[in-house]
Amino acid sequence: MADFDLELDARGLNCPLPILRAKKSIQTLSTGQVLRIVATDPGSVKDFEAFCKQTGNALLASAQQGGEYHFHIRKA
Amino acid sequence: MVGKRLKASERRATILAVAKVLFSDKGYHGVSVDEIAGRLGVSPAILYRHFASKEALYEEVLNEIACKRESYVEVVVNSAGGFGDVLRGITHIYVASVSKDPDYLRMELQSALEGSDATRQFFENRWRPFTDLIEYSLKELAGQNRIGPVNGAVAALLFQGMIREALYAKCIYRSPRYHDMDLGALVDHLIGLFFRAVGYVESLDPGTLPG
């Protein structure tokens, strides 16, 4: 069973697009549900930390795998 | 001048600051290590203690710029999320940031003249947030019949050209033609013209950017 409710493929996109798409994706979730994001922009690490800090959503995990960055965000 | 009592970190920062000014005035190829050392009042050997080569020094100047990358997160979080909203917001952040650093703008110009692949890529990446946002959004908006068909790559070029030229006119050439016009207002006006050119109507896009 997947540990997320929705996945967003933001590979190949540069800020602000991954953040923008994440914002829209989170709007479709209910409180407590988890969005998984896969990105390739190295700047996305800082960007998603800032995004969660500013929106109050919880950054459950942030990991790098190969040239990809994976984030799990739980909707507040 | 770099005095003997400077700490290593201070000396390094001074070298980078002086090198940045020289690179922005003369480009990478127009500056020698001897000249940078001469401007600092130290021997080239001191410079080589901190940077292995002129190339390494130039790379570090670019790295410092990259580390100051503008954050566009706040714009996205606080905007309704429409294409116009976000493009306007991030453009103002970028313009406010680089207009304080004319040396950076000169380095960008020098890089265009020199045609080096590495620096071209660096400066292209700085514009990627804009070119990607424009290309992606216009494609989606056209797919939803909310604007007519537009070549996103060409539109991104149009946008980049306008904003670059406004920055150069105001911050480098200091053109009397735009003397009475505030940079922010000039940029805002140009963004409005860009939207008209691509057939985008801001008032009809209240935060429904394609996701």
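Throughout this description, residue numbers start from 1 for each chain and increase along the sequence as written. In the order they appear in the text, chains get letters beginning with A and ligands get numbers beginning with 1. With the structure being a predicted model, the display of local features is reserved for residues of pLDDT at least 70 and the display and counting of side-chain atom pairs for 80 or more, all residues being used for whole-chain, interface and lining totals.

**Q** What is the right way to look at the overall build of chain B in this model?
**A** Each helix corresponds to a stretch of at least 4 residues labelled H or I by DSSP, and each strand to a stretch of at least 2 residues labelled E; elements are numbered beginning at the N terminus. When its secondary structure is counted, chain B shows 10 helices and zero strands. Listing every helix and strand of chain B by position from the N terminus yields α-α-α-α-α-α-α-α-α-α. If you line up chain B on its principal axes, its C-alpha atoms span 65 × 40 × 30 Å. Taking all 211 residues of chain B together, 28% fall into the buried category. This entry defines residue contacts through backbone-placed C-beta atoms, with two residues in contact when those atoms are within 7 Å. Taking as baseline every contact in chain B between residues at least 6 positions apart, the subset at least 24 positions apart corresponds to 64%. Exposed residues have 12 or fewer other C-beta atoms within 10 Å of their own C-beta, buried residues have 20 or more, and partly exposed residues fall in between, where C-beta atoms are placed from the backbone.

**Q** Help me out: how do you make sense of the overall build of chain A in this one?
**A** Counting its regular elements, chain A contains two helices and four strands. N-terminal to C-terminal, the α/β element order of chain A is β-α-β-α-β-β. At 11 Å, chain A has a C-alpha radius of gyration in line with the 11 Å of a compact globule built from 76 residues. In chain A, buried positions account for 41% of the 76 residues. Taking as baseline every contact in chain A between residues at least 6 positions apart, the subset at least 24 positions apart corresponds to 59%. Just to be clear, the radius of gyration here is over C-alpha atoms, and the globule rule we use is 2.2 Å times residues to the power 0.38.

**Q** It is not clear to me how the interface of chain A and chain B should be interpreted in this structure. Could you clarify?
**A** Put simply, an interface is often sized by how much accessible area is lost when its parts join up. Taken together, the contact pairs 17 residues of chain A with 18 residues of chain B. The leading source of residues in the side of chain A that touches chain B is helix H1 (residues 17-27) of chain A, at seven residues. Of the residues belonging to the side of chain A that touches chain B, the class tally is eight nonpolar, five polar and four charged. Asp, Glu, Lys and Arg are counted as charged, while Ala, Val, Leu, Ile, Met, Phe, Trp, Tyr, Cys and Pro are counted as nonpolar; the rest, among them Gly, fall into the polar class.

**Q** Would you explain the pairing of strand S4 (residues 68-74) of chain A in this entry?
**A** The side chains of a regular strand alternate between the sheet's two faces. Residues and elements named next belong to chain A. Alternating residues of S4 divide into Tyr69, Phe71 and Ile73, all buried, and Glu68, His70, His72 and Arg74, none buried. Bridge count between strand S2 (residues 34-39) and S4: six bridges; the pairing is antiparallel. When the bridges of S4 are listed, Leu35 appears paired with Ile73. We treat two strands as partners when DSSP finds at least two bridges between them. Two elements, strand S3 (residues 58-65) and S4, share seven bridges in a ladder whose sense is antiparallel. Within the sheet, the bridge partner assigned to Ser62 lies in S4 and is Phe71. Here S3 hands over to S4 after two residues, with Gly66 in that stretch at a positive phi of 65°.

**Q** Any chance you could explain the domain arrangement of chain B here in plain terms?
**A** All names here are of chain B. Throughout, the edges of the domains are those of an automatic or database domain assignment. Assigned domains of chain B: these are domain 1 (8-66) and domain 2 (70-204). Of note, the centres of domain 1 and domain 2, computed from C-alpha atoms alone, are 30 Å apart. Between domain 1 and domain 2, the residue contacts involve 10 residues of the former and nine residues of the latter. Those elements that provide at least two residues to the side of domain 1 that touches domain 2 are helix H1 (8-26) and helix H4 (54-67). When the residues that make up the side of domain 1 that touches domain 2 are grouped by side-chain class, the tally is five nonpolar, three polar and two charged.

**Q** Is there a simple way to think about the nonpolar core in this case?
**A** When a protein is soluble and globular, its nonpolar side chains tend to lie buried together. Nonpolar cores are identified as sets of buried Ala, Val, Leu, Ile, Met, Phe, Trp, Tyr and Cys residues joined via C-beta atoms within 7 Å. With 56 residues, the main nonpolar core has Ile37 of chain A together with Val86 of chain B as its most contacted residues. In terms of residues, this core owes the most to one element, helix H6 (residues 83-98) of chain B, which gives six residues. For this core, the two domains that each supply at least three residues are domain 1 (8-66) and domain 2 (70-204) of chain B.

**Q** Even after reading the chapter, I still don't get helix H2 (residues 44-55) of chain A, so can you show me in this structure?
**A** Because each turn of an α-helix spans 3.6 residues, side chains separated by three or four positions in sequence point in the same direction. Given a helix with a known number of residues, its expected span is that number minus one, times 1.5 Å. The terminal C-alpha atoms of H2 of chain A lie 16 Å apart, and with 12 residues this matches the ideal 16 Å at 1.5 Å per residue to within 8%. Burial in H2 of chain A covers these residues: Ser44, Asp47, Phe48, Phe51 and Cys52 of chain A. Across the axial projection of H2 of chain A, the buried residues extend over an arc of 130°, all falling on one side. In the core, the buried residues of H2 of chain A are packed alongside H1, S2, S3 and S4 of chain A together with helix H5 (73-78) of chain B. Phi turns positive, to about 85°, at Gly56 of chain A, one or two residues after H2 of chain A. Taking the helix axis as origin, the arc is that swept by the directions to the C-beta atoms.

**Q** Would you mind showing me how to read H6 of chain B here?
**A** For H6 of chain B, with 16 residues, the first-to-last C-alpha span of 22 Å sits near the 22 Å given by 1.5 Å per residue. Of the positions making up H6 of chain B, those classed as buried are Phe83, Gly84, Val86, Leu87, Arg88, Ile90, Thr91, Val95 and Val98 of chain B. Buried residues in H6 of chain B make contact with H1 of chain A together with H5, helix H7 (102-114), helix H8 (117-143), helix H9 (152-172) and helix H10 (183-198) of chain B.

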